[in-house]
Amino acid sequence: MLMRGTMISEFNFLLFALFVGVIATSNTDGPPVEQQTIRGERVPLGFAPYMASLRSLQNVHFCGGVIVSNRYILTTRTCTGNHAANAINILVGTYLRNSGGLTYRGSSKIDHPGYNPTTMANDISLILTTAVIVMTPNIRVAALNTYLNEEEISVSVFGWGMVSEAEFDPNYISRISTNTISNSKCRSYDFQFAEHITENKICTAVTNTAICYGDEGGALVSGNQLIGLASWHSHCDANLPDVYERIAPHRLWILSRIVL
């Protein structure tokens, strides 16, 4: 996780990804997918047991995800859009990016039918694993938020993203402790795509930390509930809000899809 800046184009982001050896996804029609927590704090094993690392078959981390059942990982559509489900490895049960945990292969995916690549509306996707995810003290299902909270509340953001635009954290998952802000306040900042911040989005306050490349799809948590997924940000810029897809408006859709 990092300090933030302005959004970059898909072309420039892909050049950057090739430069640092990161596989990432972005969208030519909408806000680019770019994120890691800048900089946040390291957390110990078991602190965020619902977090998952989405990886290529070459074991390169490209997005975060959240365990929502013993067969499904919830993430953003921008994370899964350029990847076949069976080309995604899902690492769970570890706070380390480079070791530990258990790996499951994706089997199929379900994208939200209302996803809009231009506005990034309904930026939600589910990945079905080929095998049952074994629950342990370090592997747990996240509780889904049930209501739209318009107040400013304390939240935590988790991710394995970059600590600057050119540097991954050596190994550890990070947490940013911050607050949400109202959507009207979020839209008041002068940044690209602010007009796409609808009631289904939620923003976090401007601090000296920010999400960055590799954080997308990661968990925004209040108390013990998942309230959002990292959707997009402005170039890892800590001077602008980060934007998340709210969970509450999608809760029933998620629950209806993860029943096996």
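Scroll up to find the structure this text is about.
Now for a description of the structure that goes with this document. None of the values given here were measured: they were computed from a predicted structure.

A few points about the overall build of the chain
Item 1. Counting its regular elements, the chain contains four helices and 16 strands.
Item 2. When the 260 residues of the chain are sorted by exposure, 59% land in the buried category.
Item 3. For the chain, contacts bridging at least 24 residues in sequence account for 74% of all contacts bridging at least 6.
Item 4. Put simply, the chain shows about 9,900 Å² of open surface, and 51% of that area lies on carbon and sulfur atoms.

A look at the packing of aromatic side chains
Item 1. Here the structure, examined in full by the defined rule, presents three aromatic pairs.
Item 2. Relative to F158, the ring of F47 has its centre 6.2 Å away and its plane inclined at 55°; by these criteria the two rings are tilted. In this pair, F47 is assigned in the loop between β1 (41-42) and β2 (51-55) and F158 in strand β9 (residues 154-159), connecting sequence segments 111 residues apart.
Item 3. On the basis of relative accessibility, which here comes to 3%, the residue F158 falls in the buried class.
Item 4. By way of ring pairs, the aromatic residues F47, Y50 and F158 are connected into one cluster.

What to know about the side chain of K201
Item 1. Examined against the element boundaries, K201 turns out to sit in strand β13 (residues 201-204).
Item 2. With near-sequence residues (within four places) excluded, K201 lies in contact with M120, D123, N183, H196, S231, W232, V243, Y244, E245 and R246.

Let's talk about the pairing of strand β3 (residues 61-67)
Item 1. Burial analysis of β3 places seven of its seven residues in the buried class, which makes it a mostly covered element.
Item 2. As judged from the five bridges shared by β2 and β3, these two strands associate in the antiparallel manner. Along β3, the bridge assignment pairs L54 with C63.
Item 3. Between β2 and β3, which pair antiparallel in sequence order, lie five residues; one of them, N59, sits at a positive phi of approximately 70°.
Item 4. As paired strands, β3 and strand β4 (residues 72-75) are joined by two bridges and run antiparallel to one another. Note that in β4 the partner of I67 across the bridge is I73.
Item 5. Between β3 and the antiparallel strand that follows it, β4, lie four residues.

Some details on the pattern of salt bridges
Item 1. Taken as a whole and assessed by the stated rule, the structure comprises three salt bridges.
Item 2. Here E41 and R175 are joined by a salt bridge, their closest N and O atoms 2.5 Å apart. Of this pair, E41 sits in strand β1 while R175 sits in strand β12 (residues 174-181), placing them 134 residues apart in sequence.
Item 3. On the basis of relative accessible area, R175 is assigned to the buried category, the value being 19%.
Item 4. A salt bridge links R77 to D111; the nearest nitrogen and oxygen atoms lie 3.3 Å apart. Of this pair, R77 sits in helix α2 (residues 77-80) while D111 sits in strand β6 (residues 102-111), and the two are 34 residues apart along the sequence.

A short note on unusual backbone geometry
Item 1. Non-glycine residue M120 carries a positive phi angle of around 65°.
Item 2. Looking at the secondary structure, you find M120 in the loop between β6 and β7 (125-129).
Item 3. Located in the positive-phi region is N122, a residue other than glycine, with phi close to 55°.
Item 4. Tracing the backbone shows N122 in the loop between β6 and β7.

As for the state of the cysteines
Item 1. Overall, the coordinates contain three disulfides when judged by the stated rule.
Item 2. A disulfide bridge connects C63 with C79, and the sulfur atoms are separated by 2.1 Å. Of note, the bridge from C63 to C79 carries an S-S torsion of about -90° and is left-handed in sense. Of the two residues, C63 is situated in strand β3 and C79 in helix α2; the sequence distance between them amounts to 16 residues. The exposure classification of C63 matches that of C79, with both residues buried.
Item 3. Covalent S-S linkage joins C186 and C203, the inter-sulfur distance amounting to 2.1 Å. Handedness of the C186-C203 disulfide follows from its S-S torsion of about -80°: it is left-handed.

Conventions we followed
- Here the residue index of a chain counts from 1 through its sequence in written order.
- With pLDDT at 70 or above as the cut-off, local features in this predicted model cover only qualifying residues; side-chain atom pairs require 80 or more to be listed or tallied, and sums for whole chains, interfaces and linings still use all residues.
- With hydrogens and water stripped out, all remaining heavy atoms of the structure feed into the side-chain values.
- Numbering of helices and strands starts at the N terminus; helices are DSSP runs of H or I of at least 4 residues and strands are runs of E of at least 2.
- The buried label applies to any residue whose accessible area, calculated with a 1.4 Å probe on protein chains only, is under 20% of its type's maximum; exposed applies above 50%, and partly exposed to all values in between.
- In this description, contact between two residues means that some pair of their heavy atoms is separated by no more than 4.5 Å.
- To be clear on the numbers: accessible area is Shrake-Rupley with a 1.4 Å probe, and residue cover counts the displayed protein chains and nothing else.
- Only Phe, Tyr and Trp rings are paired, with Trp represented by its six-membered ring, and only when their centres lie within 6.5 Å; those with planes under 30 degrees apart are stacked, over 60 edge-to-face, the remainder tilted.
- We treat two strands as partners when DSSP finds at least two bridges between them.
- Note on definitions: salt bridges are taken to be side-chain nitrogens of Lys or Arg within 4 Å of carboxyl oxygens of Asp or Glu.
- Here, the term disulfide refers to a pair of cysteine sulfur atoms separated by no more than 2.5 Å.

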